[in-house]
Structure formats: structure tokens, C-alpha cells
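Notes for the structure review
If you want the building blocks of each chain, they are given just below.
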Amino acid sequence: MALRNILKEGDETLTKHCRPVTDFNERLHLLLDDMAETMNDAEGVGLAAPQVGVLRRAVVVLETNVAEGEEPYVIELVNPRLIATEGEQEGPEGCLSVPGVYGWVKRPAYAKVRAQDRNGEYFEVEGHGLTARAFCHEIAHLEGQLFLEVSDHIMSEEELEAYYKVADLFLCMSEHEGFGIPILEAMSRGIPVVAYAATAVPYTMGGAGILVRTKDEASVSRKMARVLCDSNYREKIIAGQL
Ligand code: NI
């Protein structure tokens, strides 16, 4: 496996329509392995083949909505197609090909994709929150579309600052969890709480979580994933030690 160079906005490759994958061979496996490694190295939550210069319909997405104790894992989608979407979420969205730029983007809250795996077998996969966002974002890459084209507006430094300034700590809870208690606990410890409504967050989680906000969306999702997987880490955050 190897890290691949991530093309940046302005490179024509990123505007091209990608062709379907027809050969499920070693070359494809190597591409998918490299894409996962490149995405992880860049702390992203999704990467499409054209971003590494390959005009084929293949993407990888990091599934961060995992149960406590489980690690986030990479979903490989070959020739993916959105077959169902539901709901809506909105928030800042970024891209590894457009570093440092965030745009306000509306996406479905839920998305279902039909795709092939690396061996050509068809399967369906569902995504919620950030994963649904990533499915839509990555599949758009295969049509040569960047999030910049679907963004309501690109956020200025000041807007981003304001958005993230709301607090250093952000609680993100499913409606089914008793979210009042951790929030009160955080507040009693002097930790600012921003929001806990699912609509305020692009990351609708299956369970309780506590999210530290930074300016880097990718890093946010990584931290969130870690928080969700690691209760010690979560307790440290509640205690204000991280
Ligand atoms: Ni992207």
C-alpha cells in the first residue's frame, strides 16, 4: 500500500465524469487499499478515485457511526448509486481537495447506496448523518462535482470562527438517550455546551457521544469516533482533561 497524491481544486481531473469499474482485479484492490490509506493519513472521512487521479467510479467512506467499543471502518463503494435518501441536514462541509475551505451544504440525513464490492458483488449500505453526507459528497466527485457547486455559500473566516466559537465542547446525543444528564454535568464543570439537538449537528449518532470541536471537520469526526469508541476518553473530556 502507498499514499497517493490528493489532487487539489483547479486540477481538471476533478471536473471529469468517471467511467464505471469493469475489472475487479488486483489493480482495483491496490487502488482501494491506497485510497483508504490516503484518506486515513489525511484524517478525512471520504475519498473518491478522481481525487487521486483515477477517473473510475470508486470511493471509500469512513463509517464513524459505530457502537461503543468498535472502531470506525472503511466502506468501499465501487460503481455506487444513491438509491434512497430521507430527511435533511445542513452544516459546513469540506473536501480534502479543497483544503481549508468550508461551505454550508444541505444533504439528506439518510442515504442508501447500492454498489459493488472489490470483487464485483453487489450490496446495499445505509448511512446516517456524517456518513450520509460523505456518501453524497463522494458520489458527486464521480460526476466531476465539488461541494463548492452545491454550497449555499462559502463560509468566511469570520463565519467559521463564529460557528466554531459557540463552544469548545459539543454534545451530540441521539433523541433516545437521556442527554440532559451529561450536558448538566459538563455545564457544572464549566464546559461550554453548544447544542444537543440532532438538527444542529451533521453527525446524528446512534448513541450518546461528546464531540470536541475544532476547525477541521475531518479531525472533528475522528475525535468524535474516538469519543464514541472509548469511554475513558469520553470521561476525560467530560472532566475537561482533553
Ligand atoms: Ni471531496
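The present account deals with the structure reproduced in this document. Quantities reported herein were computed from a predicted structural model and do not represent experimental measurements. (Residues numbered from 1 in each chain as written. Predicted model: local features only at pLDDT ≥ 70, side-chain atom pairs only at ≥ 80, totals over all residues. Heavy atoms only, no water.)

With respect to the overall build of the protein
Note the threshold: The way it works is that DSSP assigns letters per residue, a run of H or I at least four long becomes a helix, a run of E at least two long becomes a strand, and they are numbered from the N terminus. Accessibility here uses a 1.4 Å probe with only protein chains present; expressed as a share of the type maximum, an area under 20% marks a residue as buried, one over 50% as exposed, and anything in between as partly exposed. The Shrake-Rupley method, run with a 1.4 Å probe, gives the accessible areas here. Residue values count only the displayed protein chains as cover.
Counting secondary structure elements, the protein contains seven helices and ten strands. Within the protein, buried positions represent 49% of all 242 residues. Accessible area for the protein stands at about 11,500 Å²; split by element, carbon and sulfur atoms hold 49% of it.

Considerations on the coordination of the nickel ion
The cut-off we apply is this: Each metal site is built from N, O and S donor atoms within 2.8 Å (3.2 Å for Na, K and Ca), and since water is not included, such sites may look incomplete.
Note on the nickel ion: its protein donors are C95 (SG), H137 (NE2) and H141 (NE2). The metal-donor distances range over 2.1 to 2.2 Å. All donors of the nickel ion belong to a single chain; written as a sequence motif, their spacing is C-x41-H-x3-H. You can see C95 sitting in the loop between β4 (89-93) and β5 (103-107) and its partner H137 sitting in helix α2 (residues 130-141), a full 42 residues away along the chain. For C95, a relative accessible area of 11% corresponds to the buried category.

With respect to helix α1 (residues 26-41)
Put simply, the rule is: Each residue after the first adds 1.5 Å to the expected span of a helix.
Here α1 is 16 residues long and its end C-alpha atoms lie 22 Å apart, about the 22 Å a rise of 1.5 Å per residue gives. All of the buried residues along α1 are L28, H29, L31, L32, D34, M35, A36, T38 and M39. At the C-terminal side of α1, E43 shows a positive phi close to 55 degrees.

Looking at the side chain of E138
The line we're drawing: By the counting rule applied here, Lys and Arg register as positive and Asp and Glu as negative, while His and the ends of each chain are not counted. Salt bridges are identified by distance alone: a Lys or Arg side-chain nitrogen within 4 Å of an Asp or Glu carboxyl oxygen. Pairs of N or O atoms are called polar contacts if they sit within 3.5 Å, as long as, within protein, a hydrogen donor faces a hydrogen acceptor (for residues adjacent in sequence, only side-chain-to-side-chain pairs). We call two residues contacting when some pair of their heavy atoms lies within 4.5 Å.
Within the fold, E138 resides in helix α2. We note that E138 is buried and unpaired, the nearest opposite charge coming from R107 at a distance of 8.3 Å. There is a polar contact of 3.5 Å between the side chain of E138 and the backbone nitrogen of L47. Ignoring sequence-local partners within four residues, the contact set of E138 consists of G46, L47, A48, Q51, V59, V60 and V61.

Let's talk about the environment of V61
Here V61 is to be found in strand β2 (residues 58-63). Judged by relative accessible area, which is 0%, V61 ranks as buried. Residues V61 and I75, 14 residues apart in the sequence, show an inter-C-alpha distance of 5.2 Å. Each residue touching V61, except ones within four places of it in the same chain, is listed here: M39, V45, G46, Y73, V74, I75, T131, A134, F135 and E138.

Overview of the sheet that holds strand β8 (residues 153-154)
Selection rule: A pair of strands is considered paired only if DSSP assigns at least 2 bridges between the two. To obtain an axis, a line is fitted to C-alpha atoms, over the contacting stretch when the element is a helix, and the angle between two such axes runs from 0 to 180 degrees between their N-to-C directions.
Strand order across the open sheet formed by three strands is β4-β5-β8, with antiparallel pairing between neighbours. Among the strands making up the open sheet, the edge pair consists of β4 and β8. Sheet topology places β5 next to β8; two bridges connect them, and they run antiparallel. Across the sheet, residue G103 finds its bridge partner in β8, namely I154. Set on the sheet, α2 makes contact with β4 and β5; between it and β4 the angle comes to about 65 degrees.

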